[in-house]
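# Residue-level structure breakdown
Take a look at the letters that make up each chain.
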Amino acid sequence: MSAGLVHRYIPNTAPGVREQMLAEIGVGSVDEIYEEIPAELRFAGRLDLQQEPRSEADVAREITAILGKNRTTDDLLSFLGAGCWPHYAPALVAEVMGRSEFLTAYGGIEVNDHGRFLAVFEYQSMMGDLLEMDVVAAAVYDGTTASGDAIHMASRITGRKELVLPRLMDPDRLSALLNYNGPWFTPVFVEFDPATGLMDLADLTAKLSDRTAAVYLENPTYLGTVETQAAEISRIAHAAGALLIAHVNPASLGVLAPPGQYDADIACGDGQPLGLPISCGGARLGVLACKNEVRFVHTLPMTMVGILPTTVPGERAYTWHALFDRIFYGEREAARSFSGTSSFLNAIGAGVYMALLGPSGMVDLGTANMQKAAYAARRIGGLQGVKAPVFAGPHFNEFVVDFSGTGKSAAEVNAALLERGILGGKDVTKEFPALGAAALYCVTENHTQSEIDRLVDAIGEVTR
Amino acid sequence: MTTIDPKSPAAEGAPADRYLEYSAIDTGYRAVRWHEKTLYEQSRPGSTNAILPAVEKGIVDAVGDVVAALPAAARRARPPEMPELSEPEILRHYIRCSQMTYGYDSGNSMGLGTCTMKYSPRINEQLAALPEVKALHPLQPEETIQGILEIMYGMRNWLCELAGMDEVTFQPRGGGHGAFTDACMIRAYHHARGEDFRDEIITCAVSHPCNPATASAAGFKVISLYPDEVTGELGIDALRAAISDRTAGIMMTAPYDTGVFDSQIAEYARLVHEAGGVVSLDQANFNGVMTRMRAGDLGADMVHFNLHKTFSTPHGSYGPGAGAVAVKKAFRDFLPVPVVEFDGSRYHLNSDLSNSIGKVGTFMGMVPNVVKAYAWVLAMGAEGLREASEWAVINNNYLIKKLLEVRGLDISWPNRRKLQEARFSLAKLHDETGVGTLDFNYRLADFGVQTYFESHVPRIVPEPVTPEPTESISKEDVDQFVAAFHHISAEAYSNPEIVLTAPHRSIVHREIHDYENLTQVPFTWRVWKRTHPDG
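Residues numbered from 1 in each chain as written. Chains lettered and ligands numbered in written order. Predicted model: local features only at pLDDT ≥ 70, side-chain atom pairs only at ≥ 80, totals over all residues. Heavy atoms only, no water.

## Some thoughts on the pairing of strand β10 (residues 316-319) of chain A
All names here are of chain A. In terms of strand pairing, strand β9 (residues 306-309) meets β10 through 4 bridges, oriented antiparallel. Residue pairing for β10: Leu 308 is matched across the bridge by Ala 317. Where β9 folds back onto β10 in an antiparallel hairpin, the turn is made up of 6 residues, including Gly 314, whose phi is positive at roughly 90°. (Pairing = 2+ DSSP bridges. Helix = DSSP H or I, 4+ residues; strand = E, 2+ residues; numbered from the N terminus.)

In structure tokens form, the structure reads like this:
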């Protein structure tokens, strides 16, 4: 019995309140209420947990000490990306995301929460402009689950059983997609052109049939190349009666063709690059968008904020109520989905980012990423025995480096770079053995020329 | 739908709401109500903000115009039609939006049942925003992220202890995602045993909708059982009738969203196990039973916790949350990878589990929320957790006692004591006055408290009301909520029009659902602009 404990997070633990409230309820102790749980099911042991509460100062000291064992990308010069990209995060994004009202709101409706719905509607709108898509979901969990949702929509819409995927994709994402869509689809993989890493269009054509529900493409691809054939892939998919799903990086869309431009039916991706910190992979924003047609909108398994009229003529309500009959809150098992509480705060943050950059800033962002990555790839590729980029053609902000010619493995290179305070690219040797001693390097607008030069010098040193 | 004369005091939002003006429960609340235009309507073409670093001349000279070099079909043809505004204007807009949002911190959010609205300590936000969390990449070598792995491992140990389980994954990003992970593991478990014929999941209609929906997403047929009218429980007979050699498992919430604790739950687990099925318990309602009950002891094989509910991480306007899944030893091998391990001196990420379902999302999940939850448990200690649950239960039972004095309101399963929440009904009020739960809720917004959660579907209880006064709620908060209910009930019986036309002092009025299908609702500004050329 812990009567007498006064805890700073629990207002009623002030002395005397418990007795008064129990008397009102008409019980002598709270244990009488817990008799609802049969005695044999009640836990009577002692938990192997710290027993007593700690002060705020003690909590801060202990956790800061533990976290101090980490080495951060503020201290290490990092070229890791692979789905978690280090971009500059403007101060305003954190300021707005830290507003108590946005941080702590949840299940209210527009009469009290109109502001967060307006902010989410604006995220949807700016994302719609970037994607050139008319309908954008408020937010799903992350880019991977967004792909899962897109595929799931294609299954429900077409009733077809085959899904065409690129052979070169993130194996982790593929694993999650198969978990989500395993019961509904047989995956069919399209081989890639070994020179460019892009989809082999002849193989694509050969693998399409009236069983194909959708063609799923990634642009940029997992290994950083720009899928320059997206418009052609779209035409081929549609000619077979299949849908086109495009997984894109929103940070690229100031310069690369948006999915709407090549007639994608459903677009998906991760909004993390839009001003959200890397946060050990934690800060994600699942982007999901579609054409404004009944078959798409009604199968989109997530909330959306829309504009509805109110009882006062001319007034707009920004509301998430035009939704509940469609997703699992309304349909339970018929909705066949897994998306509940998702990432609204991150959507609001990404909205601030897009508003700050505006159309010209998005162009600058895309351009800077392409230029710096191209510069890094060219310089690294100039080193003895190092091949970079492995694939020909334009890249966005990632590229594959092959160290085979140096006799070193990617793991050895990374270990030696770490000794020099550098986090090299993701080792993809196990994922794609055919690529050699390969690592996936990420360079963004946030890397300076001197940092890139430092990397190049260090790779030169460790591969010599 | 009643249309309000826009010139009336009610539409003006009004000091003239004299039904409240002299009321004892008047909090003085007037919603902050900016006539805030969208960023698009405020846009000033040509405004730019120099946020990003310039590209160095050395780089530009070396690579040239890489964008112009793209094939035309791969290049963006026209700039995005996004708003253009200066930095201070953008901040002001979002500040106004935040002022028009009712966060947990803004007042009294105890109405939002099943949401477990509680205080999110600010020290936890500060800790999770340290560079040692924020500036970590998930693919860094283990030796550079020992601190974060230590916290994940510590939280794993605590959750195992609280749940009576043996291993944890933090990969799922929310409660629904956690339930889905369970469903995938159940599927993989039967597959590994060569029993793919097990294709049915049993659930309860008063379990959260994510249980049937995720079971169905994983490919199972779903059998929904209804609670007994008297006991609020599933009942052994109903369960026996549903079990067959096709039973893959049961996925249910315990305690239920009705606040009823199903006293026969251990027997259900035994029956499902006897039939070869798996038991998954959704612990979304764990807040009332911490340290009092462990799902593992009841026979559960797997559970999920919502760190954004029970464990205080902020709800974030609807996420990011985190769904931690805990399993018994027999299911460890089926977990998503990686799991965190400790060899006595170093922490490791193990991605080599023989039957792993692989991935359900990116990387290691919502790591910052694990840090926040860890800080919360540290601040509470076992004693504080027990105290918190006791207060969730005391507050709820006090609320029940007080709320049942409100005219026209009843409670479902009145013979049962409730734990963390209860489902009330305004059916009587509706029959007698024409005021339904939606009207009632809109009116509640006028009092400066958050609206309440009505009910998940199916709506077994007519005109439902589901509040949840967690341990963060004070007696005064409960009294305020109850006083508002008395006031609105009295209005319903004396002057229902004031309730039927509510809200009167809120940010916006009632929305009108006048569309044939969702394509007629603008979900982006580009569609709004196209369909409303005159604004």
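The structure having been displayed, the exposition proceeds.
## Details of the interface of chain B and chain A
Listed by partner, the interface residues are 211 residues for chain B and 196 residues for chain A. Here chain B packs against chain A, burying approximately 17,900 Å² in sum over the two surfaces, 64% of which is carbon and sulfur. Our enumeration of links across chain B and chain A arrives at 15 salt bridges. Across the pair Arg526(B) and Asp129(A) runs a salt bridge whose closest N-O atoms are separated by 3.9 Å. Summed over the shared surface of chain B and chain A, the number is 103 residue pairs in polar contact (both at pLDDT 80 or more). The biggest single contributor to the side of chain B that touches chain A is helix α14 (residues 367-403) of chain B, with 27 residues. Across the side of chain B that touches chain A, the residue classes tally to 116 nonpolar, 56 polar and 39 charged. (Contact = heavy atoms within 4.5 Å. Buried area = accessible area lost by both parts, 1.4 Å probe. Salt bridge = Lys/Arg side-chain N within 4 Å of Asp/Glu carboxyl O. Polar contact = N/O pair within 3.5 Å; in protein donor to acceptor, adjacent residues only side chain to side chain. Nonpolar A, V, L, I, M, F, W, Y, C, P; charged D, E, K, R; others polar.)

## Examining the packing of aromatic side chains
For the structure shown, the criterion picks out 31 aromatic pairs over all chains. An angle of 70° between the planes, with centres 5.9 Å apart, marks the rings of Tyr141(A) and Phe338(A) as edge-to-face. Pair noted here: Tyr141(A) is in the loop between β2 (135-136) and α7 (143-158) and Phe338(A) is in the loop between α12 (328-331) and α13 (344-381), with a separation of 197 residues, a long-range link. Residue class for Tyr141(A) comes out buried when judged on its relative accessible area of 1%. Through a chain of ring-to-ring contacts, three or more aromatic side chains come together here, namely Tyr106(A), Phe117(A), Trp320(A), Phe344(A) and Tyr318(B). One cation-aromatic arrangement involves Arg8(A) over Tyr9(A); the distance from NZ or CZ to the ring centre is 4.7 Å. Residue placement shows Arg116(A) over the ring face of Trp320(A); its charged tip is 4.9 Å from the ring centre. (Phe/Tyr/Trp six-rings, centres within 6.5 Å; stacked < 30°, edge-to-face > 60°. Buried < 20%, exposed > 50% of the residue type's maximum accessible area, 1.4 Å probe, protein only. Lys NZ or Arg CZ within 6 Å of the ring centre and 35° of its normal.)

## Observations regarding helix α10 (residues 210-217) of chain B
All names here are of chain B. Burial within α10 is extensive, with 8 of its 8 residues counted as buried. Of all the positions in α10, only Cys 210, Asn 211, Pro 212, Ala 213, Thr 214, Ala 215, Ser 216 and Ala 217 are classed as buried. A positive phi of about 105° marks Gly 219, the residue just after α10.

## Describing the sheet that holds strand β5 (residues 212-219) of chain A
Residues and elements named next belong to chain A. With mixed pairing, the 7 strands of this open sheet are ordered in space as β2-β8-β7-β6-β5-β3-β4. Two strands close off the open sheet at either side, each with one partner strand: β2 and β4 (186-190). Summarising the sheet, strand β3 (residues 162-166) and β4 pair through 5 bridges and their orientation is parallel. Pairing of Pro 166 across the sheet is with Val 190, part of β4. Docked against the sheet, α7 engages β3, β5, β6 (243-248), β7 (266-270) and β8 (286-290), running at close to 165° with respect to β7. (Axes fitted to C-alpha atoms, helices over the stretch in contact; angles between N-to-C directions.)

## Topic: the pattern of salt bridges
This structure, assessed with the given rule, holds 58 salt bridges over all chains. Of the charged contacts in the structure, one is a salt bridge between Arg198(B) and Glu195(B), with a shortest N-O distance of 2.6 Å. There is no split in this pair, since Arg198(B) and Glu195(B) are both buried. Connected via shared salt-bridge partners are Arg18(A), Asp31(A), Arg292(B), Arg386(B), Glu387(B) and Glu390(B).

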